[in-house]
Amino acid sequence: MQERRTEPRKTLISYTQVFDLYGGYLIGYLADLHLKGAMVIGSKAVTINFEVTLAIELPDLPKVKAARMTVPARVVWCQKDISPDFFNIGFEFKALPDEQKKVIQAIMDNYEFRRDMPSYPSKPPSATRK
């Protein structure tokens, strides 16, 4: 499959619950996120092109008082996870107002899994001998 993503994907350290707002069931947990869509890890396959209003439970965020955000979305792909009991489900957001873009950016800024290695010394300092 050709990579068509234009926004960098951010893997998250906070697995936030994602529900089908009108169906009232848990789709899965938010695994990565960008301003145009998200990947959710769920226990059931979802039909491609299925349109849904996602209800994303928000983690604690500075300057954000909302506990939930709703976003109309479309399933663009669904495939088995490396763990055979789960599925990776790719959603494309259909409409995202500026206020919701700020919330998504805050989630990415505060909960992105960082792969940067700290600059620890290569070996511990030697003990001083007397």
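Residues numbered from 1 in each chain as written. Predicted model: local features only at pLDDT ≥ 70, side-chain atom pairs only at ≥ 80, totals over all residues. Heavy atoms only, no water.

**Some thoughts on the pairing of strand 5 (residues 51-57)**
No. 1: Burial analysis of strand 5 places 5 of its 7 residues in the buried class, the great majority of the element.
No. 2: When strand 2 (residues 17-20) meets strand 5, the two strands line up antiparallel, connected through 3 bridges. Residue D20 lies in a different strand from strand 5, and its bridge partner there is L54.
No. 3: Of the strand pairs in this sheet, strand 5 and strand 6 (residues 68-80) are connected by 7 bridges, and their pairing is antiparallel. Directly across from E57, in strand 6, lies its bridge partner R68. (Buried < 20%, exposed > 50% of the residue type's maximum accessible area, 1.4 Å probe, protein only. Helix = DSSP H or I, 4+ residues; strand = E, 2+ residues; numbered from the N terminus. Pairing = 2+ DSSP bridges.)

**Notes on the pattern of salt bridges**
Any two side chains of opposite charge can pair, given that their charged atoms come close.
No. 1: Within the structure shown, the criterion is met by 2 salt bridges.
No. 2: Where K94 meets E51, a salt bridge forms, and the shortest distance between an N and an O atom there is 2.6 Å. Taken together, the positions of K94 in the loop between strand 7 (87-93) and helix 1 (98-111) and E51 in strand 5 put the pair 43 residues apart, joining distant regions of the chain.
No. 3: Take K94: its relative accessible area is 47%, and that puts it in the partly exposed class.
No. 4: The shortest N-O distance in the salt bridge between E92 and R74 comes to 2.9 Å. Residue E92 is found in strand 7, and its partner R74 is found in strand 6; the two are separated by 18 residues along the sequence.
No. 5: Residue E92 is classed as partly exposed on the basis of its relative accessible area of 34%. (Salt bridge = Lys/Arg side-chain N within 4 Å of Asp/Glu carboxyl O.)

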